[in-house]
Amino acid sequence: MLEAVAPQKDVDGFHPDNVGRLTIGAPRFVPCTPAGVMEMLAATGIALAGRDAVIVGRSNIVGKPMAMLLLHQGATVTICHSRTRDLGDHTRRADIVVAAVGRPQLLGADMVKPGAVVIDVGINRLSDGKLVGDVAFDALLGKASHITPVPGGVGPMTVAMLMANTVRAAELGQA
Ligand code: NAP
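Summary of the structure given here. (Residues numbered from 1 in each chain as written. Predicted model: local features only at pLDDT ≥ 70, side-chain atom pairs only at ≥ 80, totals over all residues. Heavy atoms only, no water.)

1. Observations regarding the overall build of the chain
When you go through the chain residue by residue, the secondary structure sums to 6 helices and 7 strands. Its helices and strands taken in sequence order, the chain reads α-α-β-α-β-α-β-β-β-β-α-β-α from the N to the C terminus. Relative to a compact globule of 175 residues, whose C-alpha radius of gyration would be 16 Å, the chain shows 16 Å and is just as compact. Viewed in the frame of its principal axes, the chain has a C-alpha envelope of about 50 × 40 × 30 Å. (Helix = DSSP H or I, 4+ residues; strand = E, 2+ residues; numbered from the N terminus. Rg over C-alpha atoms; globule rule 2.2 N^0.38 Å.)

Here it is in structure tokens:
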């Protein structure tokens, strides 16, 4: 499946060719969600080099490419996952936390240090129909220096990056 789409048209950036390019720092198409997160981090004006970044989630579509992008910007990157022993021990040390898990409000205020940048990729629908992220947004407002809402945060950026990749694919096709 991963190789069903030609790498030059792979606007999701999931083809092994594009994954490899991202890994060596020569990206063609960057997966849309992590690309959107990088745009948001750039908008904060915070230099990423030397920062401690903790990503919760190691999926191929979010966690791993997110780690590569932050690594290439000079951040010190830790990837946490379901087998991580003490999640809070890692997230509390982070200058930047990216939550991409799919567990409603997994990260509470006690798991993030004051002033951290918190990016919530998670989308979870509760039994009452409400949409929430992986982060306890209300509890972290005022503690985090920056925090993204769910909905209306990373999701629209993902769509915007998909459009950008699609335009790029069209341009590559004309070359
Ligand atoms: P996924 O493939 O299910 O990966 C989830 C990751 O979270 C896995 O690496 C898993 O660890 C880890 N995990 C699960 N429970 C954990 C826990 N208790 N503590 C620490 N780590 C835990 O999900 P995904 O595709 O990356 O998506 C993650 C979330 O982001 C979902 O809510 C999805 O809907 C959302 N999402 C949003 C956008 C957007 O545009 N906003 C885009 C994509 C995804 P293991 O690897 O050990 O199982």
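2. Describing the sheet that holds strand 3 (residues 96-99)
Sheet architecture is open: 5 strands sit in the order 2-1-3-4-7, paired in parallel fashion. In this open sheet, the two strands that pair with only one neighbour each are strand 2 (76-80) and strand 7 (146-147). Here strand 1 (residues 52-56) runs beside strand 2; their pairing, made up of 5 bridges, is parallel. Paired with A53 across the strands is V77, a residue of strand 2. Sheet strands in contact with helix 2 (residues 32-44) are strand 3, strand 4 (117-120) and strand 7, and its direction is about 155° off that of strand 4. Strands in contact with helix 3 (residues 63-72) are strand 1, strand 2 and strand 3; relative to strand 1, the strand with the most contacts, it is inclined by about 170°. (Pairing = 2+ DSSP bridges. Contact = heavy atoms within 4.5 Å. Axes fitted to C-alpha atoms, helices over the stretch in contact; angles between N-to-C directions.)

3. Describing the site of the ligand
Surveying the vicinity of the ligand reveals 20 residues, the closest of which are R58, S59, S82, I123 and T158. Contacts to the ligand include I123, whose backbone N or O atom sits 3.0 Å from an oxygen atom. The separation between an oxygen atom of the ligand and a polar side-chain atom of T158 is 2.8 Å. Bound to the protein, the ligand loses 70% of the 930 Å² it would expose on its own. Among the elements that make up the shell around the ligand, the one with the highest residue count is helix 6 (residues 154-174) (3 residues). (Near = heavy atom within 4 Å. Polar contact = N/O pair within 3.5 Å; in protein donor to acceptor, adjacent residues only side chain to side chain. Areas by Shrake-Rupley, 256 points an atom, 1.4 Å probe, with all protein chains shown as cover.)

4. Structural notes on the environment of M163
On the secondary structure map, M163 appears in helix 6. Taking the C-alpha atoms as reference points, M163 and D10, 153 residues apart in sequence, are found 12 Å from one another.

5. As for unusual backbone geometry
Cis peptide bonds are those with omega within 30 degrees of zero, and the linkage from V150 to P151 qualifies with 0°. Looking at where P151 falls in the secondary structure, it is placed in the loop between strand 7 and helix 6. For Q105, which is not a glycine, the phi torsion comes out positive at approximately 50°. Mapped onto the elements, Q105 comes out in the loop between strand 3 and strand 4. Among the residues examined, Q105 registers a relative accessible area of 41% and is labelled partly exposed. (Buried < 20%, exposed > 50% of the residue type's maximum accessible area, 1.4 Å probe, protein only.)

6. Describing the packing of helix 2 against helix 3
Contact pair helix 2 / helix 3: the axes reach a minimum separation of 9 Å and the direction vectors enclose 40°. For the pair helix 2 and helix 3, the crossing hand works out as right-handed. Taken together, the residues of helix 3 that come into contact with helix 2 (itself represented by P34, A35, V37, M38 and L41) are P65, M66, L69 and L70. Of the residues assigned to the contact of helix 2 with helix 3, the class counts are 9 nonpolar, no polar and no charged. (Left-handed = near helix turned anticlockwise from the far one by under 90°. Nonpolar A, V, L, I, M, F, W, Y, C, P; charged D, E, K, R; others polar.)

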